[in-house]
Amino acid sequence: MKFNRYLAALACVGLAAGTVSLTPIGSAGLVSAAHAKNGGGNGGGNGGGNGNGHDVDHGKSAEAHDKNDVKSAGKDTDANMLGALNAAHASAKARAHASPNSAVGKIATYQKSREAALAIQDPAAQQQALEVAQAQLATSFGMSSLTPEQVSKVDALLDARK
């Protein structure tokens, strides 16, 4: 019994002495202040993961899924059809300030060429100037040519965002 008390007292003294010797005093001490910062580590993220899997039906029938897929298919087709030409969605202000080598800048260059072509009075010369502008747009995006659907979609986007 006396031995257990002695051992407990010795352990307490040892813990107290160890804590005091590891506490930095100025620049002295066995643990530097850099290692003793508030334990920040790398775990400060927001852990915003969602546990919802994509394969879960949540009570919807296969027919409901098919209807939703049909609704969004048109949007995906337009985006896939335009590819990098989606830069035509940029505002007029963004096109005015865009770098000429950026996708938005290439669209802005096409818009200027198109407007100049549309200002031509001679119908044959106007059509030729439009074709040149479209060919330059295709080349600037690394395409051999643009489909009529792509041209009409880009033109419609530009007309809507003047």
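Residues numbered from 1 in each chain as written. Predicted model: local features only at pLDDT ≥ 70, side-chain atom pairs only at ≥ 80, totals over all residues. Heavy atoms only, no water.

Colleague: I'd love a proper account of the nonpolar core, names of residues and values included.
Modeller: Of all hydrophobic cores here, the largest spans 15 residues; its most connected members are L85, I107, Y110, L137 and V154. Contributing elements (two or more residues each) for this core: α4 (103–118), α5 (123–140) and α6 (148–160). Counting residues per element, this core draws most heavily on α6, which supplies four residues. Not counting the four nearest positions on each side in its chain, I107 is found in contact with L85, A87, A88, R95, L137, F141, V154 and L158. (Core = buried A, V, L, I, M, F, W, Y, C linked by side-chain atoms within 4.5 Å. Buried < 20%, exposed > 50% of the residue type's maximum accessible area, 1.4 Å probe, protein only. Helix = DSSP H or I, 4+ residues; strand = E, 2+ residues; numbered from the N terminus. Contact = heavy atoms within 4.5 Å.)

Colleague: Report on the environment of G105, specifying residues and quantitative values.
Modeller: As for its position among the elements, G105 is in helix α4. Placed 17 residues apart in sequence, G105 and A88 show a C-alpha to C-alpha distance of 9.6 Å.

Colleague: An account of the packing of α4 against α5 is requested, with residue identities and associated values reported.
Modeller: With their axes 8 Å apart at the nearest point, α4 and α5 run at an angle of 175 degrees to one another. Between α4 and α5, the crossing angle belongs to the class labelled roughly antiparallel. Contact residues: K106, I107, Y110, S113, R114, A117 and L118 in α4; Q126, A129, L130, A133, Q134, Q136, L137 and S140 in α5. Residue classes in the contact of α4 with α5 are distributed as eight nonpolar, five polar and two charged. (Axes fitted to C-alpha atoms, helices over the stretch in contact; angles between N-to-C directions. Parallel < 35°, antiparallel > 145°, perpendicular 65-115°, else oblique. Nonpolar A, V, L, I, M, F, W, Y, C, P; charged D, E, K, R; others polar.)

Colleague: Could you give an account of the packing of aromatic side chains, naming the residues involved and the relevant values?
Modeller: Under the defined criterion, the tally for this structure stands at zero aromatic pairs. Directly above the aromatic system of F141 lies the positively charged group of K106, at a separation of 5.3 Å from the ring centroid. (Phe/Tyr/Trp six-rings, centres within 6.5 Å; stacked < 30°, edge-to-face > 60°. Lys NZ or Arg CZ within 6 Å of the ring centre and 35° of its normal.)

Colleague: Would you mind going over α5 in detail, with residue names and values included?
Modeller: Under the 1.5 Å per step criterion, the end-to-end length of α5 is 26 Å for 18 residues, consistent within 8% with the ideal 26 Å. Those residues of α5 not exposed but buried are L130, A133, L137 and A138. Looking down the long axis of α5, one finds its buried residues gathered within 135 degrees of arc, a one-sided arrangement. Opposite the buried face of α5, by more than 90 degrees, sit the exposed residues A124, Q128 and T139. Just beyond α5, the residue with positive phi is G142, at close to 75 degrees. (Expected span 1.5 Å × (residues − 1). Arc of directions from axis to C-beta.)

Colleague: I'd love a proper account of the side chain of Q111, names of residues and values included.
Modeller: In this structure, Q111 sits in helix α4. Residues within four places of Q111 in sequence aside, it is in contact with R95, L158 and K162.

Read these as geometric descriptors, not functional statements.
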